[in-house]
Structure formats: C-alpha cells, structure tokens
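Below are the chains, spelled out letter by letter.
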Amino acid sequence: MASITLIDNRNAERYEFDILHPTLGPDVIDIRTLYKKTGMFTYDPGFTSTASCSSDITYIDGEKGQLLYRGYEISDLANHKSYLDVCYLLLTGTLPSTTQLIDFDNELRKRSFVHEGIKELYKSFPDKAHPMAMMSSAVSALSTFYYEHLTIGNKEEMQIMARRIIAKIPTLAAFTYRRMYGIPFIYPDIERSFSENFLYMMRAYPHAEPEISEVEIRALDTIFTLHADHEQNASTSTVRSVASTGAHPYAALSAGINALWGRAHGGANESVIAQLELIGSIDNVETFVERAKDPDDSFRLMGFGHRVYKNFDPRARILSALLHELKDELGVNNELLEIAQRIEHIALEDEYFISRNLYPNIDFYSGLILTALKIPKSMFTIIFVVGRTVGWVTQWMELQEDSEKKIARPRQRYIGPLQREL
Ligand code: ACO
C-alpha cells in the first residue's frame, strides 16, 4: 500500500500514513491513527480538506464541473430519466426496469398521505412561521408517528422508511405552502405523477381543477433531479452527524432541513431572485457587480461561487439550457432573466470572478424557473428539500451499513485561557 511520511521538524520524528485510493477523484491520506501516533490533531475549519466517510453514491469533480449519481452523468439523467428513476437509482444503486419503476411509483403514491395529526400541527403554527421552520418541525414530528424506525434491523425496513419520507415530503411541502397563505390543505391525488401531484397540491382548491401543463411538470421534475444529491455538503453532513449518534432517521433529516435553511446553502435560491429584483434593471448590474468585488462591502452575488465547483456548476448548465428552451412556454419573467444574463456575462469575463473561480451555481437559475411555476420565493428552499430528501435518506442508509462509521466528534484547537484559580 502507498504511504506518505510526515516529518516532525521539531524532533525529526517520522510517521507513516497509508494513502487510500478512491475509484475516482483525489487519493486520501488515512489519518485515523494520527493522534495515537503523533499526539496531534489536524486543523481544518469547515472540513475543506477532510473526507468524513467513504461513499459510492455521488461523485463531484469540482475542477471539471462534473456530477455523477451512482456513476451516471447528471446531464444524461436530467435529460433522459425522470426524478423517480433517479430516486430509485440513488436508493438501490441501479436504474429501475419499466416494471420496477411502475411499482416504485405506485408505492410512493400510496405512501403520500400523512396522519391527520400532522394537519393539527400545521394549524398550531403562527401565521408568520417561516416555511423551513414548519417543514423541519413537521419532518421531526413524523418520527412520533413512525417511532419503529428508531431501530431499523434490515435493508427492507430501511427502504420502507426511505420511501415513506420521500413520498410524504411533497405533501408536507404543500401543507407548508397552504399554511403560509391560510388556504385549505389539499390531499395528494394518487392519479397524478410525483411532480404533477406536487403542483396539484400547491394549486388546487376544493372542487376546482387546477391547470398544470406538461412543460411545467417537466421543468419541476428536472429541478428535483438536479437537487437529488450532492455528496457531503453542509446539510448532508448534518444528517450524517445526527445519524451517527443513533437518533431517529426523521430527526436526522429534520436537522438536515435546518442546515439547508441558511443563505450560504439552500437559502441562496431565494436570495438570488430577491437580488435580481433589488437590482431592478440591466442598467444597474455593473454597480452591483462592483459592490460584489469591493472587499469593504459584504454584498455578494448570490448564486455565484461554490465550495466544490471551481468551474461551471453542471446543474447550472442544465438549468440555463432548460430556461432558454422553455422560457416562452413557461412564461419566464424576461426582465429578471435579462438582468441574470447580464450579470453572468459580466462576471464570466471579469478578473475578480475568474481569478476566484466564481461561476454561476444551480441557484442562479432555479429561482427564475420556480418563479415561472408560480412558486413564491419563500418556498424555493422547500423545493430544494423535496428534491434533496432522497439524497439525505440514501446517505443515512449508507452510514448505517458502513463498518467504519464513528460518532461524528471533531476536535478543536483550544485558544482560551490557561487553567486559572478562582
Ligand atoms: N460574490 C462575490 N465574491 C464572492 C462570492 C460571491 N458570490 N463568493 C465568493 N466570493 C469571494 C470571497 O469574497 C472570497 O474573496 P477573497 O479571496 O478576496 O477573500 C473568495 O471569493 C472565496 O470565497 P469563500 O467564501 O472563501 O469561498 P467558499 O468556497 O468558502 O464559499 C460560497 C462558497 C459560500 C458558496 C460562496 O461562494 C458564497 O457565499 N456564494 C453566494 C451564496 C450562494 O450562492 N450559495 C449557494 C451555494 S450552492 C448550494 O448550496 C446549492
């Protein structure tokens, strides 16, 4: 096995560490014995240089701008497969056959209803409750209805737990929307596909059939696919951290939702539209770009930059193409689109953004499509939750079966006072 030597300059002591090879991506140094051998920790705020687990679910090459789910290119999946194909792929490792897909779809449709008690929970939220707060509370509350998932004994029980939450998440998301506006809750329609049913639950009124076009269903389905998983990002790492303690899986997912809430993560898509509205006209774009470059101004271009992608986010490319293809049929707001295109054009040619590898990320475009789908800004991160739940729960399952798993417990570099007397 290849190894690397660490030489301590203070005493010329040498320590050997194994180098582990992944199937794709950079090698990793196995430092699990670092403290035992050297008496030292590593210092890595934000874990930017640390692999916290081994995983065979999702692969990202940030330099190339590549994203694979279970080995498949995201663009192939987004352009040729449905979101439910992708869910099945993530959950099981293989794409479904036609029969498997039909069975999976039927299972999700049947599992999409939530206990009536959940409605009471929603009714108890104050009018001004933030949708992400309602969503994380509702998912946490689901653990009270499915307490048995605390001790999952085998793969079959895991799949039931996973499919249950994937099926119910759109219902909770739609309940969240309807509670925000004080409009009646709508039950799932099991005659409709996953993405169509979500739009139905958002738009329907009792005894009134909402209009939902095929183009809208396709656009939303693609957005769900693009959000389905993204390896060890902040919310997924949160799910794994909570899961590593043995907490209920839905409690771990609820924690993931809370982590996603922040504007540096899932909340960015809401901020992008707010920012485009604030900029207001293409004539103002340059002023805002200058502000984003000013080190003394905390203003950032939302939807630009990514911790891992140092090239175009491949999901952004797909959404950008989808936007152009469907903008007329979807009725995309042309004024906001023009501002976005102008920002993209300036930023991609500007030294500040080029030297820092700042490219548009998925959030830069998703908000424009969601707005065209008549989904309000405050619901954007909820849409992210609906798409990402499959990724979180797949990562949860992988952790359970990982023989090398450990409770998440990073160390620290203490810089406080020395011991003192009272
Ligand atoms: N606008 C202007 N400057 C930026 C931006 C931006 N959007 N993003 C990063 N920078 C600058 C920083 O000021 C910094 O400059 P400096 O080297 O002169 O100090 C440099 O680029 C590096 O930035 P970091 O924050 O250190 O990069 P990091 O990889 O830690 O952060 C992050 C990534 C949080 C996504 C950041 O780019 C950002 O805040 N972007 C805007 C928010 C956003 O779009 N988030 C969505 C992420 S994708 C997702 O969650 C689905």
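Above this text sits the structure in question.
The paragraphs below set out a description of the structure included in this document.

## As for the overall build of the chain
The secondary structure content of the chain amounts to 18 helices and six strands. Computed over C-alpha atoms, the radius of gyration of the chain comes to 23 Å, within 12% of the 22 Å expected from 2.2 N^0.38 for 422 residues, which places it in the range of a compact globule. Looking at the 422 residues of the chain, the share that counts as buried comes to 50%. When contacts within the chain are restricted to residue pairs at least 6 apart in sequence, long-range pairs at least 24 apart make up 69% of them. Of the accessible surface of the chain, which amounts to about 21400 Å², a share of 51% is contributed by carbon and sulfur atoms. Looking at charge distribution, the chain has the averaged site of its 44 positive side-chain charges lying 6 Å from that of its 56 negative ones.

## Examining unusual backbone geometry
In the Ramachandran plot, H207 falls in the positive-phi region, its phi being about 65° despite a non-glycine side chain. Here H207 shows up in the loop between α8 (194-203) and α9 (214-227). On the basis of relative accessibility, which here comes to 86%, the residue H207 falls in the exposed class. In this structure, E231 takes a positive phi of about 35° despite not being glycine.

## Remarks on helix α14 (residues 314-330)
A maximum bend of about 45° is found in α14 at H324. Where α14 is buried, its residues touch β5 (66-69), α2 (74-80), α9, α15 (334-349), α17 (362-372) and α18 (380-400). Positive backbone phi, approximately 75°, marks G331, located one or two places after α14.

## Section: empty space enclosed by the protein
Empty pockets left among the atoms are what a rolling probe the size of a water molecule brings to light. Summed over the entire model, instances satisfying the criterion amount to one cavity of 30 Å³ or more. Estimated volume of the largest cavity: approximately 100 Å³. As for the largest cavity, its lining consists of 16 residues, of which L108, R109, S112, F194 and N197 are closest to the centre. Among the secondary structure elements, those contributing two or more residues to the lining of the largest cavity are α4 (98-110), α7 (155-181) and α8. In the lining of the largest cavity, the residues fall into eight nonpolar, four polar and four charged.

## A short note on the site of the ligand
Near the ligand, the surroundings consist of 20 residues, among which R300, L301, G303, F304 and Y352 are the closest. Between the ligand and the protein, one listed contact pairs a nitrogen atom with a backbone N or O atom of L301 at 2.6 Å. N361 places a polar side-chain atom, nitrogen or oxygen, 3.0 Å from an oxygen atom of the ligand. Protein contacts shield 72% of the accessible area of the ligand, which totals 930 Å² for the unbound molecule.

## Quick word on a nonpolar patch on the surface
Side chains of M1, L20 and V28 sit close together on the surface and give an oily, nonpolar patch of about 280 Å² of accessible area. Within the secondary structure layout, L20 lies in strand β2 (residues 13-20). With a relative accessible area of 30%, L20 lands in the partly exposed category.

## Details of the environment of A219
Turning to its location among the elements, A219 is positioned in helix α9. Look at A219 and you get buried, because its relative accessible area is 0%. Through-space distance from the C-alpha of A219 to that of W392 is 22 Å; in sequence the pair is 173 residues apart. Residues contacting A219, with those up to four places away along its chain left out, are L322, L326, L330 and I369.

## Overview of the layout of surface pockets
Looking at the second largest pocket, its volume works out to about 350 Å³. Looking at the second largest pocket, it is lined by 21 residues, and the ones nearest its centre are K81, S82, Y83, R218 and D221. Those elements that provide at least two residues to the lining of the second largest pocket are α2, α3 (83-92), α4, α8, α9 and α14. The greatest single-element share of the lining of the second largest pocket, amounting to five residues, is contributed by α9. Looking at side-chain class alone, the lining of the second largest pocket contains nine nonpolar, seven polar and five charged residues.

## Some remarks on the pattern of salt bridges
Considering all chains together, one arrives at 25 salt bridges under this definition. One salt bridge connects E286 with R342, and the closest N-O pair in it is separated by 3.1 Å. In this pair, E286 is assigned in helix α13 (residues 285-293) and R342 in helix α15, connecting sequence segments 56 residues apart. When its relative accessible area of 30% is taken as the criterion, R342 is described as partly exposed. Through salt bridges with shared partners, a single network forms among D189, R192, E196 and E209.

## What to know about the pairing of strand β1 (residues 3-8)
With six bridges joining them, β1 and β2 adopt antiparallel strand pairing. Bridging across to β2, L6 finds its partner in Y15.

## Overview of the packing of aromatic side chains
Under the definition given, this model contains 19 aromatic pairs. Ring centres 5.5 Å apart and planes at 90° place the aromatic pair Y122 and F125 in the edge-to-face group. The class of Y122 is buried, set by a relative accessible area of 0%. For F125, a relative accessible area of 13% gives the class buried. Look at Y122 and F185: their rings are 6.1 Å apart centre to centre, the planes differ by 65°, and that puts the pair in the edge-to-face class. Of the two residues, Y122 is situated in helix α5 (residues 116-124) and F185 in the loop between α7 and α8; the sequence distance between them amounts to 63 residues. Among the aromatic residues, those joined into a ring-pair cluster are F304, Y352, F353, F364 and Y365. If you follow R413 out to its NZ or CZ, it ends over the ring of Y43, 5.4 Å from the centre.

Rules and cut-offs
- Residues numbered from 1 in each chain as written.
- Predicted model: local features only at pLDDT ≥ 70, side-chain atom pairs only at ≥ 80, totals over all residues.
- Heavy atoms only, no water.
- Helix = DSSP H or I, 4+ residues; strand = E, 2+ residues; numbered from the N terminus.
- Rg over C-alpha atoms; globule rule 2.2 N^0.38 Å.
- Buried < 20%, exposed > 50% of the residue type's maximum accessible area, 1.4 Å probe, protein only.
- Contact = heavy atoms within 4.5 Å.
- Areas by Shrake-Rupley, 256 points an atom, 1.4 Å probe, with all protein chains shown as cover.
- Lys, Arg positive; Asp, Glu negative; His and termini not counted.
- Charge placed at Lys NZ, Arg CZ, Asp CG, Glu CD.
- Bend = angle between axes of the 7 residues up to and from the residue.
- 1 Å grid on protein atoms, 1.4 Å probe; cavity = no way out; pocket = protein on both sides within 12 Å on 5 of 7 lines; lining within 4 Å.
- Points joined across faces, edges and corners; volume = space filled by probe spheres on them.
- Nonpolar A, V, L, I, M, F, W, Y, C, P; charged D, E, K, R; others polar.
- Near = heavy atom within 4 Å.
- Polar contact = N/O pair within 3.5 Å; in protein donor to acceptor, adjacent residues only side chain to side chain.
- Patch = residues over 30% accessible without salt bridge, like charges linked within 9 Å, V, L, I, M, F, W, Y side chains within 5 Å.
- Salt bridge = Lys/Arg side-chain N within 4 Å of Asp/Glu carboxyl O.
- Pairing = 2+ DSSP bridges.
- Phe/Tyr/Trp six-rings, centres within 6.5 Å; stacked < 30°, edge-to-face > 60°.
- Lys NZ or Arg CZ within 6 Å of the ring centre and 35° of its normal.

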